[in-house]
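# Remarks on the overall topology
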Amino acid sequence: MQIDTNYLKEILHIFIDSDTNFITTDRFKTMISEDIEKFLFHWDLLLDKHLIVNTKGEKPKIATYGLNGDCSLILGASVRLHDNGHEFYNMLKDDTAINKIQTNVKNLSMDFLLEASKQYINYKIGNLFNS
């Protein structure tokens, strides 16, 4: 499955749009019901990079898999967006930046996107202090 930057942005926007520090994973029910495989793929990518954490600062798994491959969802857990997740979201919501990346890089990886988000922040900071 390919990384869908718009889908990552949709997931992260749910955190950003919240009025509270923590949200429950129930907030993702609609996305999960629309395409569970796509959601879990992108959720796990965000967890792999520690962009989303639970109340203990750990990776909040919302699915477990049985020996036969059956998936069980664990909804209702409290989760929050880590600071790195906020930085990552800021780059994803900048259509100009993300379009340049998508145009010039065909096989996006999370490592590449995270490095791009760091460079994006550095660029924005540089522009702020150089203007």
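These remarks concern the structure in this document.

What counts and what doesn't
Residues numbered from 1 in each chain as written. Predicted model: local features only at pLDDT ≥ 70, side-chain atom pairs only at ≥ 80, totals over all residues. Heavy atoms only, no water. Buried < 20%, exposed > 50% of the residue type's maximum accessible area, 1.4 Å probe, protein only. Helix = DSSP H or I, 4+ residues; strand = E, 2+ residues; numbered from the N terminus. Arc of directions from axis to C-beta. Contact = heavy atoms within 4.5 Å. Polar contact = N/O pair within 3.5 Å; in protein donor to acceptor, adjacent residues only side chain to side chain. Axes fitted to C-alpha atoms, helices over the stretch in contact; angles between N-to-C directions. Parallel < 35°, antiparallel > 145°, perpendicular 65-115°, else oblique. Left-handed = near helix turned anticlockwise from the far one by under 90°. Nonpolar A, V, L, I, M, F, W, Y, C, P; charged D, E, K, R; others polar.

### Re helix 5 (residues 95-104)
Along helix 5, the residues classified as buried are A97, I98 and I101. Looking straight down helix 5, one finds its buried side chains confined to an arc of 90°; they lie on one side. Away from its buried face by more than 90 degrees, helix 5 exposes T96, K100, T103 and N104. On its buried face, helix 5 sits against helix 1 (5-16), helix 4 (83-92) and helix 6 (110-130). Regarding helix 5, its N-cap is D94, as a side-chain oxygen of that residue lies 3.1 Å from the backbone nitrogen of T96 further along.

### Regarding the packing of helix 5 against helix 6
Between helix 5 and helix 6, whose axes approach to 12 Å, the crossing angle comes to 140°. Comparing their axes, helix 6 and helix 5 come out oblique. Handedness of the helix 5/helix 6 crossing: right-handed. Mapping the contact onto sequence places A97, I98 and I101 in helix 5 and F112, L113, A116 and Y120 in helix 6. Here the contact of helix 5 with helix 6 is composed, by residue class, of seven nonpolar, no polar and no charged.

### Quick notes on the side chain of S18
Tracing the backbone through its elements, the reader meets S18 in the loop between helix 1 and strand 1 (23-24). At a separation of 3.0 Å, a polar atom in the side chain of S18 contacts the main-chain amide nitrogen of T20. Aside from chain neighbours lying at most four places away, what touches S18 is I23 and R27.

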